[in-house]
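# A look at the structure
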Amino acid sequence: MQNLSGIFEGPVWEKLAKTANGRAIGYGEFVGAALFDAQYGYYAKPKTRVGYGGADFYTSASLKEGVFSALVESSAKNMLRSAGENPEEYEFYEIGAEPGSQIVKGSKTARLGEKIRIPARAIAISNELLDARPFERFAFRGGKWRKRVLEISGAGGGKVRARESEADPSEEELAHISKYFFAASVEGFSLDISFDALRLFGEICGAEWRGVLLFADYFRTAAEICELPLGTARAYKNHRAFSDILAEAGERDITHSPCAGPLLDTAKKCGFKTFPLMGQERFFMKNAEGEIASIASSPDPFDPKKRELAQLLSPAHMGAAFRILACLR
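As the structure is a computational prediction, the values presented were derived from the model and not from experiment. (Residues numbered from 1 in each chain as written. Predicted model: local features only at pLDDT ≥ 70, side-chain atom pairs only at ≥ 80, totals over all residues. Heavy atoms only, no water.)

Here we take up the overall build of the chain. Secondary structure summary: the chain contains 10 helices and 16 strands in total. Since a compact globule built from 329 residues should have a radius of gyration of about 20 Å, the 21 Å found for the chain is in line with a globular shape. In terms of overall dimensions, the chain has C-alpha extents of about 65 × 40 × 35 Å along its principal axes. Within the chain, the fraction of its 329 residues that count as buried is 50%. (Helix = DSSP H or I, 4+ residues; strand = E, 2+ residues; numbered from the N terminus. Rg over C-alpha atoms; globule rule 2.2 N^0.38 Å. Buried < 20%, exposed > 50% of the residue type's maximum accessible area, 1.4 Å probe, protein only.)

Glancing now at the packing of helix H4 (residues 171-180) against helix H7 (residues 260-269). Two elements in contact, H4 and H7, have axes whose closest approach is 10 Å; the angle formed by their N-to-C orientations is 100°. With respect to their mutual orientation, H4 and H7 come out roughly perpendicular. Residue-level contacts link His-176, Lys-179 and Tyr-180 of H4 to Gly-261, Pro-262 and Asp-265 of H7. Looking at the contact of H4 with H7, its residues break down into 2 nonpolar, 2 polar and 2 charged. (Axes fitted to C-alpha atoms, helices over the stretch in contact; angles between N-to-C directions. Parallel < 35°, antiparallel > 145°, perpendicular 65-115°, else oblique. Contact = heavy atoms within 4.5 Å. Nonpolar A, V, L, I, M, F, W, Y, C, P; charged D, E, K, R; others polar.)

It is worth spelling out the side chain of His-176 at this point. Its location among the elements puts His-176 in helix H4. Once residues within four sequence positions are removed from consideration, His-176 is found in contact with Phe-181, Ile-193, Phe-195, Leu-198 and Pro-262.

This next bit is on the sheet that holds strand S13 (residues 253-255). In space, the 3 strands of this open sheet follow the order S12-S11-S13, with antiparallel pairing throughout. Of all strands in the sheet, those with a lone pairing partner are strand S12 (240-242) and S13, marking the two edges. Each neighbouring strand pair of the sheet contributes to a mean axis angle of 30°, computed without reference to strand direction. Direction of pairing for strand S11 (residues 234-237) relative to S12: antiparallel, over a ladder of 3 bridges. (Pairing = 2+ DSSP bridges.)

A few words now on the environment of Ala-83. Looking at the secondary structure, you find Ala-83 in the loop between helix H3 (67-82) and strand S3 (91-97). Residue classification places Ala-83 among the partly exposed positions, given a relative accessible area of 39%. Put simply, Ala-83 and Ala-235 are 152 residues apart on the chain and 40 Å apart in space, counted from C-alpha to C-alpha.

This paragraph deals with H4. What H4 keeps buried is the set Glu-173, His-176, Ile-177 and Tyr-180. Taken down its axis, H4 places every buried residue within 95° of arc, on the same side. Set apart from the buried face of H4 by more than 90 degrees, the exposed residues are Glu-171 and Lys-179. On the buried face of H4, the contacting elements are strand S6 (136-141), strand S7 (144-156), strand S9 (190-193), helix H5 (195-206), helix H6 (222-225) and H7. (Arc of directions from axis to C-beta.)

A few words now on the nonpolar core. The biggest cluster of nonpolar side chains holds 28 residues, and the ones touching the most others in it are Leu-71, Ile-123, Ile-125, Leu-214, Phe-283 and Phe-284. For this core, the secondary-structure elements that each account for two or more residues are H3, strand S5 (121-127), strand S10 (210-217), helix H8 (280-287), helix H9 (289-296), helix H10 (304-313) and strand S16 (323-328). For this core, the element with the highest residue contribution is H3, accounting for 7 residues. (Core = buried A, V, L, I, M, F, W, Y, C linked by side-chain atoms within 4.5 Å.)

When two helices pack together, you describe them by how their axes are tilted relative to each other and by the distance separating the axes. At a closest axis distance of 9 Å, the pairing of H3 and H10 adopts a crossing angle of 65°. Considering their axes alone, H3 and H10 lie roughly perpendicular with respect to each other. Seen from H3, the contacting residues are Val-67, Phe-68 and Leu-71; seen from H10, they are Lys-305, Glu-308, Leu-309 and Leu-312. In terms of residue class, the contact of H3 with H10 is made up of 5 nonpolar, no polar and 2 charged.

By themselves, these are just geometric observations and shouldn't be taken as functional.
As structure tokens, then:
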């Protein structure tokens, strides 16, 4: 387990030092400030985050030919048809859309900071929404789970000292870990869990609407997470990944891999029929076969859509890294 204590600087840290006022803060509070602070947060800044060139990372939705969009649209409509529904009676609604973009052209959107208002009949979609929510960090030490926290103090010259220590998790946190991650109870094991993402997903599923929910993300199963002793937290800048998530707060994306199990359980409690978590390639091959065949049948060997399709479906590229969480109500 990597201890991230050190000396840091920048407006995010200065503001955190003032608001903490001597108390220890959880990693969730740090990640929330680094990503979403209204003045200094990474997602609050008017910069290009997704794509190529000067961006920090790219996603399936940022590829230029729009193949991901076509596959999402085709999959959702086919799922509704299989359920005996007319897809034309449902509206696409994207949650967490990047500024100036959307997965499906013409869809309604809820961007950062906007209230989520899902239509009564909807196809609710998102791409990498939950992995960017604030998360807490836990470590198994001395035969029990401990919550990793940060003690923040001034270090002079506009710099801040952050020292990692440990605190007692809440009963709710311990119950969650025991239910989903019991196999991770190994000395030195680290877990990254976003209760904020679970809360947000619960609000989305708990709202009064019917239709399809399709979320694409770096989802992992609980069993997979229990095989990753260093946790899944990472930061991105200029298409490079970093394990030190505390450095350059507000200047880098910070993310983790959401666990699908608690999310699917939440959807079931809200009356959704859930489907097994699938890799992007398998999900699209199952639900967008016609669209894939149409693109693949192009006689042009240099068709850019064919190249993009291969990139989305290939396990060596995006096909295995991204997974689709699908529900129907």
